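# Architecture and fold: a report
Next come the chains, spelled out residue by residue.
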Amino acid sequence: MREQDDGPEPAPDRRDETLDSDPNHPGSSKDPSDRSDPSGSTGSPEGTTGAPEGAEPAADAWSSKRDKDAPRTPRGGANAPALGVRGTLRFLWRQLTSMQTALILLMLLAIAAVPGSLYPQRSVNPSLTQEFLDENGRWGGFLDALGFFDVFSSPWFSAIYLLLFISLIGCIVPRVGVHLRQLRAQPPRTPSRLTRFTGYTRVELPGADADALLETAHRSLRRSRYRTVVREEKRSRSVSAERGLLRESGNLLFHIALVGVLICVAGGQLTSYRGQITVVEGEGFSNSLTQYDSFESGAWFDSSAMPPFQFTLEDFRAEYVLEGADESRVGQPLSFEADIGVSTPGEEHEKRTLQVNKPLHVDGSSMYLLGNGYAPEVTVTDPEGTVVAEGPVITVPMGDTGYTSQLVIKAPDAQPEQTAVVGFFLPTGQIDEKGPHSIYPDLMNPMLALTAYHGDLGLDAGIPQNAYEVDVSSLDQVTGEDGSPMLIKLTPGQRFELPDGSEITFDGVRRYAAFDVAHDPFERWVLVSALTAAGGLILSLFVPRRRLWVRVGRCEGDHGTDGTVVLEVAGLARSDDPALPDDVAALAQKLATEQDGPRPSETTGPEAATDSPPEGSAQ
C-alpha cells in the first residue's frame, strides 16, 4: 500500500513563521539547497546567449574577473544607502532595545556595583571615607573624582541603570503584542509532509472509522491541555495541536517583573530613610530627626511623613558561654534580647521583645537590633564642687571577647580648666602585665581604669568632634606626687579625688542597645516583583513548547480507496524536548489500539522511538 498523495502543498501560514518558515529548522518546508539563477535563464559560460547581434557581451555573473570599464562598487556588490538622521536614530533605538544589549547592560550594572562593596561609601560612613582619603592621598582623590565613594548616586551608575530600564521596556513592549496575537491565533496548519517531523508514525487501520478516529485524537489532545483545531484537507482531515505558550508568558513575566524590581528599588532609594540610634536602659526614643545619631534619606524623602511612634528600652539581656565548657568558646554570646515598650497614636502601649534577625515592625518602619554594650554611670565634679558630667556614659567595645570598652568623658564646663576623663570599662576587670582588660563579657567584676586630663578641649572652635574620641595631645595629663601618670581604678560605689580637688564617682552600670530604623515604602513590592520574576523564570525554563499533528485519511490503491484508514502522527518542539518522540509514538499507539478490527500495521520515521512505543497519553 503506498502513501497517499495530498496534492499540492498549501501556501505557508504566516502565523507560523517562527517554527515553519525558517529554512534551517527541521520543520521548514523550504529547501536551502534549492537555488536558481534569478534571471530565469540557463546562460552559457560566456554569458552571451540570447544577446542581440552587435550588442556588447554581458558581464559573466559567474566570473571572478572584474570588468575594467565597470564602476567600482564596495565589497558586497551594492552601494549602501545613507541612513539619514531618522534612520540612524531608528538603528540606535533597535540596538538599545535588543536583548543582547539588555544582557550587556545587566552585566555592566553588576560590575559597576563592585566598587560600592570595595570602598567606603560617604553616605554610609563619612568618617571612614575621609580616613581612606587622608591615607591614600592623590589616589584617593582620583577615586573620589570618579565617584567611587558615592557609587550608587554617581552619574555613570545612574546612566547604566536608566539605559537598562529603557532597554528592557523596549524589548518587552513589542514582544507582548506578538505574544497576545499568538494567544488569540489558532494552531498552525498541518504540514503536507509529516515525515520530516519528530517521531513521525504512520499506522494503517483496516476497517476503522476515520471520523471516530479523528474525534478520539481531538479529545485526547484537548485532555492533555493542547489548543486544537480540526482542519478539512483535500483527501483527509487533520487535527493541529499546540501547547506551551505559557513558556513565552513566563519569559515575558520574568522581564516585566525585572522592570518592576528596578522601579521599586529606584523608588525606595528616592523615598526611604535609615537611621541609627543608641538607647540606654530606662531611656526612650521618639521617631524624629533630632533623635537619631546618624541619618540618611532619599532625595524625595518627606520628614513630615515619618511614622509617629516612640518606645522605651525597659531591659536588655545577654547570655554568654560560661566556664566549664570548651575553653575556646567561653565568653561567646548565646543570645541578645531587648524588651521595649512601644507607643503609637491611637493604640495601646504594648511590650515587644527584639532579637538579632527578628526585627520589630511599627507603623511601616522596621527596627533591627544591631549591637549592645555597657553604659557606666559616672559623676564628675570640679574643684568648686560643681557637677560637670553626670549620667550613663556609652562605651565603645574594643572587639575582644571580654567586652573591654573604651570610655570618654568631656567636661567643658569644669573650672578653672576643662577636664577630660578617658580609659576603659571592664565588665570582668583584671589589671596585670597586659594592662587593664576584661576576661569575661558579663558583669562579674565591673571596673573602671581611667586617666584624667586638663586643658582646652577645642570644643569652642566650632569644629564638630566625635563624641567618643578626644585629642589628648594638647592636654596635660594628671600625674601623681612622683610625676608619673595617675591610673584611677574604681569599682561601683567608689569615689576618687584628683590632686586639684576634682572628684570622679562610679555610681553603677547600665546596658545600652543600638538599633537601626529603616522605612522603605517599596520594600514589599520589591519582594513581590522578585518572587514574580522567579516564577516567570521557572515557567520559561521548564514548560516545553510543542506542536502535534494528527492526520486521518483513506489508503488509496490502484482502483481507488480500499477502506483502510491511514493514521499519521508527528510533532515539533520549539526547544529541547526529549520526551516528544515517545509522546508522539504513545499517542499513535493509543489511537490505534482504541479502534476495532485486525491488528494495525505501523511504520515510523527515523526520529520515532521503536516499533512498539510505550503506553501513555500525549503530554
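In what follows, the structure referred to is the one given above.
Residues numbered from 1 in each chain as written. Predicted model: local features only at pLDDT ≥ 70, side-chain atom pairs only at ≥ 80, totals over all residues. Heavy atoms only, no water.

So, on to the nonpolar core. By size, the foremost hydrophobic cluster in this structure holds 49 residues, and its most contacted members are Phe311 and Phe515. Residues within four places of Phe515 in sequence aside, it is in contact with Gly275, Gln276, Ile277, Val279, Phe311, Leu313, Ala338, Leu354, Met367, Tyr368, Leu369 and Leu370. With 24 residues, the next largest nonpolar core counts Val203, Leu213, Val565 and Ala573 among its residues. (Core = buried A, V, L, I, M, F, W, Y, C linked by side-chain atoms within 4.5 Å. Buried < 20%, exposed > 50% of the residue type's maximum accessible area, 1.4 Å probe, protein only. Contact = heavy atoms within 4.5 Å.)

Turning our eyes to something else, we now look at helix α6 (residues 155-184). The terminal C-alpha atoms of α6, which comprises 30 residues, lie 44 Å apart, in line with the 44 Å expected from a rise of 1.5 Å per residue. For α6, the set of buried residues is Phe157, Ile160, Tyr161, Leu164, Ser167, Leu168, Gly170, Cys171, Ile172 and His179. Looking at the buried side of α6, the elements it contacts are α2 (84-96), α3 (99-112) and α8 (245-271). (Helix = DSSP H or I, 4+ residues; strand = E, 2+ residues; numbered from the N terminus. Expected span 1.5 Å × (residues − 1).)

This part covers the layout of surface pockets. In this model, the largest pocket occupies a volume close to 1,100 Å³. What lines the largest pocket is a set of 33 residues, and nearest its centre among them are Phe152, Val265, Gly268, Gln269 and Leu270. Per-class residue counts for the lining of the largest pocket are 17 nonpolar, 11 polar and 5 charged. Roughly 690 Å³ of internal volume is contained in the second largest pocket. Together, 23 residues line the second largest pocket, and Gln276, Thr278, Asp293, Ser294 and Tyr468 are the ones closest to its centre. Only α5 (126-145), β4 (273-280), β6 (294-297), β13 (396-397) and β22 (503-519) provide two or more residues apiece to the lining of the second largest pocket. If one sorts the elements of the lining of the second largest pocket by residue count, β4 sits on top with 4 residues. Among the residues making up the lining of the second largest pocket, the classes are represented as 12 nonpolar, 7 polar and 4 charged. (1 Å grid on protein atoms, 1.4 Å probe; cavity = no way out; pocket = protein on both sides within 12 Å on 5 of 7 lines; lining within 4 Å. Points joined across faces, edges and corners; volume = space filled by probe spheres on them. Nonpolar A, V, L, I, M, F, W, Y, C, P; charged D, E, K, R; others polar.)

Our focus in this paragraph is the packing of α6 against α8. Taken N-terminus to C-terminus, the directions of α6 and α8 make an angle of 150 degrees; their axes are 10 Å apart at the nearest point. It follows from the interaxial angle that α6 and α8 lie roughly antiparallel. Considering how the two elements wind past one another, α6 and α8 form a crossing that is left-handed. Residues that form the contact of α6 with α8 fall into these classes: 17 nonpolar, 5 polar and 2 charged. (Axes fitted to C-alpha atoms, helices over the stretch in contact; angles between N-to-C directions. Parallel < 35°, antiparallel > 145°, perpendicular 65-115°, else oblique. Left-handed = near helix turned anticlockwise from the far one by under 90°.)

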